[in-house]
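# An overview of the molecular structure
Chain residues, written in single-letter form:
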Amino acid sequence: MCEKQSDLTTNPSHFENQNKTNDTPTHMDLQWDEYKDKIKGFKFFDPHIHMVSRTTDDYQNMAQAGIVAVIEPAFWVGQPRTGLSSFKDYYSSLVGWERFRSSQFGIKHYCTIGLNSREANNERLAEEVMEILPLYIYKEGVVGVGEIGFDDQTELEEKYYRLQLELAKEAKLPVQIHTPHRDKKRGTERSMSIAIEHGLDPSWVIVDHNNEETVKSVLDQGFYAAFTIYPFTKMGNKRMVSIVEQYGAERIMINSSADWGISDPLAIPKTAALMVSRGIPHDVIRKVTYENAIEAFAKSGQIQVSDFELNTPSDPNEKFHGNSVLRGGQLPKWNQNSLYID
Amino acid sequence: MPTSYSSYFYPLLKKHTTESEMKWLDSIPKDNPNALMTAFVKAPRFLSKTIIQEELEYQNLIPNLPGFQVNHWNFVRLSRVWFLSLLVTLPKDELIEKIETLFDTAELNELVALFSSLPILPYPQVWLPRATDAVRSNMGFVFDAIALHNPFPYHEFPELAWNQLVLKTIFNEKPIQMIYGLLERNNQNLSIGLVSFVKERWSAGRDVPPDVWQLLVPYLSEGELYLVETLFKSQRKEDVIAASLICSQSELNSYQLLGTKHPKFPEEIKNGKWDWSKLGNNH
Ligand SMILES: [Zn+2]
């Protein structure tokens, strides 16, 4: 506990504020409660969120806000893993426990599986992980290889990025690319050109964490451009609205990348509410917050839209769920305003 | 060399799968363990999850494995267990390593298939710790795969683990009648656990599944008479029937006497209208 607080803040998960000019987080200056009604009836698909770091409260709020399905990409859990077993446990939680937990709240959970760029730099471990990846990427509900790509843009990162592109090609799975925080523009271009070099169809590749600097090139080359609405960064949802106004809805998608950092699992519904109030047509909003993600990742053959479109509420009392996160027959929604907890 | 039961599964798969599904199943090289393992994982990409609804002949698929049944499984589960049955001819160490890897990397449905396959795998002592662990699983399907319609616990579980399985089944509100060998492995220690379970439930204002009492009948002493008296006072008809069943089956005078004070159901019990199986939640 002798570390300085600042040491802990220099390693954010998906975004880094390079020039230290914090935008006021956009979700603070509008009252969410006042905007909720604007998105009544919308369904949302968050194609990038790390639920392993989130609580059941988040699941409850997400379900209430209209999020019906999520994709959880395999990524860094905040500190390096020291052995193959922790990778196995982590991947297993993505296809197992986390999926089950989410189902208890009526949210369909998919994932992408990959060796993340940060940990690609540990060559011995990376080799071992590559050996077990085939046992994971073919599993049910695995909708892609991801999130892979560059962090520090080292040679090892490139090596395992290329190997995993080949794996995705062989398994006929989409690829989800994590673009680096530092030197983002170059890293993004490099990721795309390597993917093309390996013969991947750009419409099978989703490039995550875009900004104004990268979006045009990503779309021009035929890739999907995903945007992460993450507070305290340069990509707030006000600017997201401008991007949609400028580039339209084709191949653009929004995600929260909510994880163990200061992040917001309601980033998509909040952005949608903002778009509604800015007069963006509903069909455009639906595309960037729902349909495009499905279109891109359904290429895996692993997404059954009926699983989350039919409005069949989850039944946590079903007998096979007998022992669940809902201990002793709790209900998935309880009155958090009540003093009694019973 | 361990017995492979693979030949029992093949006709059933062939009978139900489509031509293209069968083509995929036939295309897997059966002598290549890695191909079998990947096929085990990939199966849902090539097979439907149609549920097997078979006549009685398949309720006990393998004649010298009583209790092992595949009814209500889906094809993916059946084909996965078939793939595993093809692995058993590997040398012991290799087989253990492959199965352990599959366990370590398994998702829920794969775990279900793995636990379902335990009765047909050799070296049961090797899988025992995983099986007893599965009883503690928070995932309902996994629990069901080991606890219900599976003869492995009956043959391999030590008493403590067996009792844990029965208690957990009751706690999870699942039908104890689906536990293979339930009455054969009934025991005194289980009844001690059940009595405290009953008291705990009642103090929380909750019910006890009525068919649970059948496990207590042989072990009830005078000291527990008050429990059955309480049971007679229940608002639920099935509780009162259970109390009557206890009294009609008990060898103790005090219980028999208590039974005569509640004359309605003993008559119907005698006529065969009620027995424990009719009180179970058979779903
Ligand atoms: Zn991420």
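Attention here is on the structure that accompanies the text. (Residues numbered from 1 in each chain as written. Chains lettered and ligands numbered in written order. Predicted model: local features only at pLDDT ≥ 70, side-chain atom pairs only at ≥ 80, totals over all residues. Heavy atoms only, no water.)

What follows deals with the overall build of chain B. When its secondary structure is counted, chain B shows 17 helices and zero strands. Taken along its principal axes, the extent of the C-alpha atoms in chain B is 70 × 35 × 35 Å. Sequence separation of 24 or more characterises 68% of the internal contacts of chain B that already satisfy a separation of 6 or more. In the form shown here, chain B has an accessible surface area of approximately 12,700 Å², with 53% of it arising from carbon and sulfur atoms. (Helix = DSSP H or I, 4+ residues; strand = E, 2+ residues; numbered from the N terminus. Contact = heavy atoms within 4.5 Å. Areas by Shrake-Rupley, 256 points an atom, 1.4 Å probe, with all protein chains shown as cover.)

A few words on empty space enclosed by the protein. To locate leftover empty space, one rolls a probe as large as a water molecule over the atoms. Residue and element names in this part refer to chain A. Applying the stated criterion across every chain, the model contains two cavities of 30 Å³ or more. Empty space within the second largest cavity amounts to approximately 40 Å³. Every residue lining the second largest cavity is listed: His-50, Val-52, Ser-53, Phe-75, Trp-76, Val-77, Tyr-90, Asp-259 and Trp-260. (1 Å grid on protein atoms, 1.4 Å probe; cavity = no way out; pocket = protein on both sides within 12 Å on 5 of 7 lines; lining within 4 Å. Points joined across faces, edges and corners; volume = space filled by probe spheres on them.)

With that out of the way, let us pick up the environment of Arg45(B). Tracing the chain through its elements places Arg45(B) in the loop between helix H3 (33-42) and helix H4 (75-87). Measuring from C-alpha to C-alpha, the distance between Arg45(B) and Glu173(B) comes to 33 Å, with 128 residues separating the pair along the chain. With residues near it in sequence (within four places) discarded, Arg45(B) still touches Ile137(A), Tyr138(A), Lys139(A), Val142(A), Ala171(A), Leu173(A), Ser300(A) and Gln302(A). One polar contact links the side chain of Arg45(B) to the main-chain carbonyl oxygen of Lys139(A), over a distance of 3.2 Å. (Polar contact = N/O pair within 3.5 Å; in protein donor to acceptor, adjacent residues only side chain to side chain.)

With that out of the way, let us pick up the nonpolar core. In this structure, Tyr91(A), Ile113(A), Phe9(B), Ile146(B), Phe157(B) and Trp213(B) are the most contacted members of the largest nonpolar core, which totals 183 residues. Not counting chain neighbours up to four residues away, the residues in contact with Ile113(A) comprise Ala74(A), Tyr91(A), Leu94(A), Val95(A), Leu133(A), Tyr136(A), Ile137(A), Val142(A), Gly144(A), Val145(A) and Gly146(A). Ranked by size, the runner-up nonpolar core spans 17 residues in total, among them Val68(A), Ile71(A), Met253(A) and Ile294(A). (Core = buried A, V, L, I, M, F, W, Y, C linked by side-chain atoms within 4.5 Å. Buried < 20%, exposed > 50% of the residue type's maximum accessible area, 1.4 Å probe, protein only.)

We now examine the packing of helix H7 (residues 124-135) of chain B against helix H8 (residues 140-147) of chain B. Residue and element names in this part refer to chain B. For the pair H7 and H8, interaxial distance at closest approach is 8 Å and the crossing angle is 125°. Taken together, the axes of H7 and H8 lie oblique to each other. At the point where H7 passes H8, the crossing takes the left-handed sense. Every residue of H8 that contacts H7 at Ala-131, Ala-134 and Val-135 is listed here: Val-142, Phe-143 and Ile-146. (Axes fitted to C-alpha atoms, helices over the stretch in contact; angles between N-to-C directions. Parallel < 35°, antiparallel > 145°, perpendicular 65-115°, else oblique. Left-handed = near helix turned anticlockwise from the far one by under 90°.)

Residues and elements named next belong to chain A. On the surface, Val-52, Val-77 and Trp-260 cluster together into a nonpolar patch covering about 220 Å² of accessible area. As for its position among the elements, Val-52 is in the loop between strand E1 (44-46) and helix H4 (56-64). Here Val-52 falls in the partly exposed class, since its relative accessible area comes to 36%. (Patch = residues over 30% accessible without salt bridge, like charges linked within 9 Å, V, L, I, M, F, W, Y side chains within 5 Å. Salt bridge = Lys/Arg side-chain N within 4 Å of Asp/Glu carboxyl O.)

A separate point is the sheet that holds strand E5 (residues 175-178) of chain A. Residue and element names in this part refer to chain A. Sheet architecture is open: eight strands sit in the order E1-E2-E3-E4-E5-E6-E7-E8, paired in parallel fashion. This sheet does not close on itself; its edge strands, each paired only once, are E1 and strand E8 (252-255). Put simply, the sheet's adjacent strands are angled 25° from each other on average, direction ignored. As judged from the four bridges shared by strand E4 (residues 142-149) and E5, these two strands associate in the parallel manner. Each bridged residue has a counterpart across the sheet, and for Gly-149 the counterpart in E5 is His-178. Where helix H12 (residues 237-247) meets the sheet, it contacts strand E7 (224-228) and E8, and its direction lies at approximately 170° from that of E8. (Pairing = 2+ DSSP bridges.)

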